[in-house]
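The chain contents come next:
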Amino acid sequence: NYLETRRNPIFAETTEYFKNNLRLLKLNGNIKLHHPSNFEGGNYLININFKNKDDLKKAVSNLKDVCSNQILEKIINPLKNV
């Protein structure tokens, strides 16, 4: 972490910003949101793991809540918030 911060401080700061806001989204444990490689580009990736139909329904419900959360806008468009 220390070396990454020294070598590429902007990337390290952006990663920290992403992680902090990701915690505020309160995604279920079975949902993972991944940023674009090196935060370049606009394609984010969501992984959903589920065991049964009820798990999937809970994940979909959580995703609906996340979509209406203003924190998601901060994650997707970090430069607008600077």
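Right above here is the structure, for reference.
Thresholds applied
- Residues numbered from 1 in each chain as written.
- Predicted model: local features only at pLDDT ≥ 70, side-chain atom pairs only at ≥ 80, totals over all residues.
- Heavy atoms only, no water.
- Helix = DSSP H or I, 4+ residues; strand = E, 2+ residues; numbered from the N terminus.
- Expected span 1.5 Å × (residues − 1).
- Buried < 20%, exposed > 50% of the residue type's maximum accessible area, 1.4 Å probe, protein only.
- Arc of directions from axis to C-beta.
- Polar contact = N/O pair within 3.5 Å; in protein donor to acceptor, adjacent residues only side chain to side chain.
- Patch = residues over 30% accessible without salt bridge, like charges linked within 9 Å, V, L, I, M, F, W, Y side chains within 5 Å.
- Areas by Shrake-Rupley, 256 points an atom, 1.4 Å probe, with all protein chains shown as cover.
- Salt bridge = Lys/Arg side-chain N within 4 Å of Asp/Glu carboxyl O.

Participant: Hey, could you run me through helix H3 (residues 53-67) in this one?
Facilitator: An α-helical turn contains 3.6 residues, so a residue and the one three or four places further along point in the same direction. Taking 1.5 Å per residue, 15 residues should reach 21 Å; H3 reaches 21 Å between its end C-alpha atoms and fits that length. Those residues of H3 that fall on the buried side of the exposure criterion are Ala59, Asn62, Leu63 and Val66. Within H3, the buried residues cover an arc of 105 degrees as seen down the axis, which keeps them to one side. Of the residues in H3, the exposed ones pointing more than 90 degrees away from the buried face are Lys53, Asp54, Lys57 and Lys64. Measuring from the side-chain oxygen of the N-cap residue of H3 to the backbone nitrogen of Asp54 gives 3.1 Å; that N-cap residue is Asn52.

Participant: Mind showing me how you'd approach a nonpolar patch on the surface here?
Facilitator: On the surface, a nonpolar cluster with roughly 230 Å² of combined accessible area is contributed by Phe50, Leu56 and Val60. As for its placement among the helices and strands, Leu56 is situated in helix H3. Residue Leu56 is classed as partly exposed on the basis of its relative accessible area, which comes to 30%.

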